[in-house]
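# A look at the structure
Take a look at the letters that make up each chain.
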Amino acid sequence: QSYMKVHDESPTLKQLEAFAVQQDDDIWTFWCAFYMRNVRAYIAIWAAIRGHDWQLCVATLKELAPLFHAFDRTYYLCLLPMHLAQLACLPDAILKHMQNGAFSVSLSGNFFNAVALDEAHERKINKDMKMAISNTDTAYVDRLTYYLPQRAHDTRTSSGKWSCLCRHRV
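First, a word on what this report is: a plain description of the structure on this page.

Each helix and strand in the protein was counted, giving eight helices and two strands. Along the protein, helices and strands appear, N-terminal first, in the series α-α-α-α-α-α-β-β-α-α. Looking at the protein as a whole, 25% of its 170 residues qualify as buried. Considering only residue pairs separated by 6 or more positions, the protein has 50% of its internal contacts joining residues 24 or more positions apart.

Compared with the 36 Å implied by 1.5 Å per residue over 25 residues, the 35 Å span of helix α3 (residues 26–50) between its first and last C-alpha is a close match. A bend of about 40° at Y35 is the largest found in α3. Inspection of α3 places C32, A33, M36, N38, R40, A41, A44, I45, A47, A48 and R50 among the buried residues, and these make up the whole buried set. Downstream of α3 by one or two residues, H52 has phi in the positive range, about 55°.

As a further point, take the packing of α3 against helix α4 (residues 54–70). Pairs of packed helices are described in terms of their axes, by the angle between the two and the distance that separates them. With their axes 9 Å apart at the nearest point, α3 and α4 run at an angle of 150° to one another. For the crossing formed where α3 meets α4, the hand is left-handed. Of α4, the residues touching α3 (which contributes R37, N38, R40, A41, Y42, A44, I45 and A48) are L56, C57, T60, L61, E63, L64 and L67. The residue makeup of the contact of α3 with α4, split by class, is ten nonpolar, two polar and three charged.

Counted under the stated rule, the structure contains one salt bridge. Of the charged contacts in the structure, one is a salt bridge between R123 and E119, with a shortest N-O distance of 2.9 Å. Within this pair, R123 and its partner E119 are both found in helix α7 (residues 117–134), separated by four residues, close to a single helical turn.

A complete count under the given rule lists four aromatic pairs for this structure. For the pair W46 and F112, a centre-to-centre distance of 5.8 Å together with 75° between the ring planes defines the contact as edge-to-face. With W46 in helix α3 and F112 in the loop between β1 (104–105) and β2 (115–116), the pair connects residues that are 66 residues apart, well separated along the chain. Centroid distance F68 to Y76: 5.4 Å. Interplanar angle 35°. Geometry classified as tilted. Taking relative accessible area as the criterion, Y76 reaches 47% and is therefore assigned partly exposed.

Counting 15 residues, the largest nonpolar core has I45, W54, C57, L61, L64 and L87 as the members making the most contacts within it. Those elements that place two or more of their residues in this core are α3, α4 and α5 (74–88). In terms of residue count, α4 provides more of this core than any other element does, eight residues in total. Non-local contacts of I45, meaning those with residues more than four positions away in its chain, are made with C57, T60, L61 and L64.

This part covers α4. With 17 residues, α4 should cover 24 Å at 1.5 Å per step; its first-to-last C-alpha distance of 25 Å lies within 8% of that length. At E63, α4 shows its maximal kink, close to 30°; a proline, P66, follows between one and four residues later. Taken together, the buried positions of α4 are W54, L56, C57, V58, T60, L61, L64, L67 and F68. Directly after α4, the chain includes D72, whose backbone phi takes a positive value near 55°.

Take the side chain of S104 next. With respect to the helices and strands, S104 occurs in strand β1. Owing to a relative accessible area of 6%, S104 belongs among the buried residues under this scheme. Side-chain polar atoms of S104 contact the side chain of H52, separated by 2.7 Å. With near-sequence residues (within four places) excluded, S104 lies in contact with I49, H52, A114, V115, A116 and L117.

Reading the values: rules and limits
Residues numbered from 1 in each chain as written. Predicted model: local features only at pLDDT ≥ 70, side-chain atom pairs only at ≥ 80, totals over all residues. Heavy atoms only, no water. Helix = DSSP H or I, 4+ residues; strand = E, 2+ residues; numbered from the N terminus. Buried < 20%, exposed > 50% of the residue type's maximum accessible area, 1.4 Å probe, protein only. Contact = heavy atoms within 4.5 Å. Expected span 1.5 Å × (residues − 1). Bend = angle between axes of the 7 residues up to and from the residue. Axes fitted to C-alpha atoms, helices over the stretch in contact; angles between N-to-C directions. Left-handed = near helix turned anticlockwise from the far one by under 90°. Nonpolar A, V, L, I, M, F, W, Y, C, P; charged D, E, K, R; others polar. Salt bridge = Lys/Arg side-chain N within 4 Å of Asp/Glu carboxyl O. Phe/Tyr/Trp six-rings, centres within 6.5 Å; stacked < 30°, edge-to-face > 60°. Core = buried A, V, L, I, M, F, W, Y, C linked by side-chain atoms within 4.5 Å. Polar contact = N/O pair within 3.5 Å; in protein donor to acceptor, adjacent residues only side chain to side chain.

This is the structure:
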C-alpha cells in the first residue's frame, strides 16, 4: 500500500504524465500509460519481495492478472486465480508467517535484499553446481549424486501437476 501511495503521489510521475498529455503525441501517450499501468506492477512486486511486504505482494498479484492476459502469458494467467484462491484459504498461522515476511528470504542478511523462495532455491542450486565444477572433492560429488536426481524427479512431478491443472482452464 505504501508503495502504491508514493507512486500515485509522486510529483515526478505527475509531471511526466502532464508532459505526455501536452505532447499530443500517440507514442508519448502510449508509453506514459504503459508505465503508469504496467511497469508499476512489476516494480511493486519486486519491491514487495525485496522488502518482505505481504500485503503489497498480494495486491500486486491482482494488478498483474490483466497484464498476463494482455501479453499472452497464458500459463501465469492460468495459475494466478488458483494461487490467489489458495492464498485466501491459508490457515491463520501460516498467513501470519507470510505477513511477517516468510514468503521471501535474504541470502545475505542485508535489508531490502530479499528474494522469493523459489529464486533463493535456484540460486543455491546454481552456486552448488558452480562449486562442484570449480572445487570438486569426493564428499561434495557424493552429496550432489544423491541430491540432483531427486530434485529432477520432484521438478518433473510438480511440472506435470501444474500443466495438468492449466489444461482444464475455462
